[in-house]
Amino acid sequence: MSNNHRRSTKFVHWGRDPKSYHGVVNPPLVRTSTILYENFAAYLNPNTRFRYGRINNPLSENFENVMAQVEGGHKAISTCSGLAAITTTMFAFCKAGDHVLIVDGLYPPARGFAQRNLTKMGVEVEFFDPHIGADIKNLIKPNTAFIYMESPCSVTFEVMDVPAITKIAKEKGIITIIDNTWSSGVLFNPIKHGVNIVLMSCAKYVSGHSDINLGVVITDNEENYKRLKYFSVDAGQCASPEDLVLALRGLRTIEMRFKAAEENAARIIDWFKTREEIEEIFYPALETHRGHSIWKRDFKGANGIFSVMFREEYPMKSIEKFIDSLKLFPIGSSWGGYETLIQPQNLKPHRLNWDRNGYVLRFQIGHEDSRDLVDDLTQAMTNLKLKKKFIWY
Ligand SMILES: *Cc1c(COP(=O)(O)O)cnc(C)c1O
């Protein structure tokens, strides 16, 4: 693949070489555990490329190389899930006695992991405001090991000033990590903005069809790669061959799926803007969204996920009726697939100071015809009834 080619061309060609396999267009699915050594010297040589399927194999190596190129990084590791990419990275880059800074607004299961397991290992976990920017410097301690970001954040999509944070981290020699699932290598490439470690779930836009569990972590240099790889080998981390093949296949169409999802979501958001039942729409591409200007500065586009907050006078019972009367919006805990989903949210346990009372619902917009989606929302909205007011004369 020539460096002069544009990105869409690269997404088509990265990670496949039909000539090496009888002209077959896609790389073959290779199953491995045992890999034979040529001789005793090869067995003793620590640089032997393939030793055992779990540690490294032709398919995982291919996928990891592709993702390192997608993100403009050095080398990558693949993991059994997106959450495993997070936990492997957090464990690899801190030790007992360290202090770590983690964005308040990260993917909730990752928050749970840090609160329960990093603290158990003697790491001090501190959450910070996603809008902190350069003021992160006031939170840094002599033992701060890493700053963990996610931008835009989960559910409410706060946009972080990543370059401002990496500038300070670099001055202080602190590792920066980012969950880049929202952009999945397409909308934002954090290593180019000074981030050391980029991770993502490939269950979302990378694969795009809601049927795999896979994660990837991309590093900026050899030293950080080795730290991560040694830990992941110690921890027995590896990825399924089917999922690697499906992720590579997903990458072929990822740019156009992003564009189509963004366009479809825009139509649904336009409809929500006209509805008086809605207090706020959370979506970085909206001018009314806090962080919109940073998003515009750093990101190439948006995607198909947004959240809405209902005005707080709508009781839970009528929100429940609204949700259960939708025909094309099933409840499901994921996004980035071809199908539309909703997920009810309870933000209080996952935020330091969530003091708003309106009900929050996250939407993942797929590739259905937006007119059918709007019709369905319109009929379901008739179930939303205000609390009865008693008026005493
Ligand atoms: C879904 C998600 C993950 C976890 O991914 P899995 O592959 O489901 O383990 C991590 N980060 C973000 C932002 C996610 O949305």
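The model shown is predicted, which means the values in this text are computed figures rather than measured ones. (Residues numbered from 1 in each chain as written. Predicted model: local features only at pLDDT ≥ 70, side-chain atom pairs only at ≥ 80, totals over all residues. Heavy atoms only, no water.)

**Concerning the sheet that holds strand S3 (residues 124-128)**
The condition is simple: Strands are labelled as partners when DSSP assigns at least two bridges between them. Strands here mean DSSP runs of E at least two residues long; helices mean DSSP runs of H or I at least four residues long; both are numbered from the N terminus. Fitting a line to C-alpha atoms yields each axis, with helices limited to the stretch in contact; the angle taken between N-to-C directions then spans 0 to 180 degrees. What makes two residues a contact is simply this: any of their non-hydrogen atoms within 4.5 Å.
With respect to topology, seven strands assemble into an open sheet ordered S1-S7-S6-S5-S4-S2-S3, the strand pairing being mixed. Each edge of the open sheet is held by one strand with a lone partner, namely strand S1 (75-79) and S3. With strand direction ignored, the average angle separating the axes of adjacent strands in the sheet is 20°. Bridge count for S1 against strand S7 (residues 215-219) is five bridges, and the pairing is antiparallel. Within S7, the position partnered with Ala 76 by the bridge is Ile 218. Running over the sheet, helix H5 (residues 108-120) touches strand S2 (99-103), S3 and strand S4 (144-150) and is turned about 155° from S3. Most of the contacts of helix H6 (residues 162-172) go to S4, to which it runs at about 170°, and overall it touches S4 and strand S5 (175-179).

**Focus on a nonpolar patch on the surface**
Test applied: Candidate patch residues must exceed 30% relative accessible area and have no salt bridge, after which like charges are joined if within 9 Å and Val, Leu, Ile, Met, Phe, Trp or Tyr side chains if within 5 Å. Here, Shrake-Rupley sampling with a 1.4 Å probe gives the accessible areas, and only protein chains in the shown set may cover a residue. Each salt bridge in this description consists of a side-chain nitrogen of Lys or Arg and a carboxyl oxygen of Asp or Glu lying within 4 Å of one another. Here the term buried applies to any residue with accessible area under 20% of the maximum for its type, exposed to any over 50%, and partly exposed to those in between, with areas from a 1.4 Å probe on protein chains only.
Taken together, the side chains of Phe 40, Tyr 43 and Leu 44 make up a nonpolar region of the molecular surface, amounting to roughly 370 Å² of accessible area. Within the secondary structure layout, Tyr 43 lies in helix H2 (residues 40-44). With a relative accessible area of 45%, Tyr 43 lands in the partly exposed category.

**So, the environment of Glu 312**
Considering the arrangement of structural elements, one finds Glu 312 in the loop between strand S9 (305-310) and helix H11 (316-324). The partly exposed category is assigned to Glu 312, whose relative accessible area is 47%. For the pair Glu 312 and Tyr 359, spaced 47 residues apart in sequence, the C-alpha to C-alpha distance is 6.7 Å. Among residues more than four places away in sequence, those in contact with Glu 312 are Asn 357, Gly 358 and Lys 387.

**Structural notes on the nonpolar core**
The line we're drawing: We define the nonpolar core as a collection of buried residues of types Ala, Val, Leu, Ile, Met, Phe, Trp, Tyr and Cys that are connected through side-chain atoms lying within 4.5 Å of one another.
Core analysis: the biggest nonpolar cluster contains 117 residues, and Ile 102, Leu 118, Phe 146, Phe 272 and Phe 306 have the highest contact counts within it. In terms of residues, this core owes the most to one element, helix H9 (residues 254-273), which gives eight residues. Excluding its chain neighbours within four sequence positions, the residues that come into contact with Ile 102 are Met 90, Ala 114, Leu 118, Val 125, Glu 126, Phe 127, Phe 128, Phe 146 and Tyr 148.

**Some points on the packing of H9 against helix H12 (residues 370-381)**
Formally: Oblique is the label for every angle not falling under 35 degrees (roughly parallel), over 145 degrees (roughly antiparallel), or within 65 to 115 degrees (roughly perpendicular). Throughout, a crossing is termed right-handed when the near helix is turned clockwise from the far one, and left-handed when it is turned anticlockwise from it by less than a right angle. Three categories are distinguished: nonpolar for Ala, Val, Leu, Ile, Met, Phe, Trp, Tyr, Cys and Pro, charged for Asp, Glu, Lys and Arg, and polar for the others, with Gly belonging to the last.
The contact between H9 and H12 brings their axes to 10 Å, and the two run at 30°. One element, H9, and the other, H12, form an angle in the roughly parallel class. Of the two possible hands of crossing, H9 and H12 adopt the one that is right-handed. For the pair formed by H9 and H12, the contact residues are Asn 264, Arg 267, Ile 268, Trp 271 and Phe 272 on the first element and Ser 370, Leu 373, Val 374, Leu 377, Thr 378 and Met 381 on the second. Classifying every residue of the contact of H9 with H12 gives seven nonpolar, three polar and one charged.

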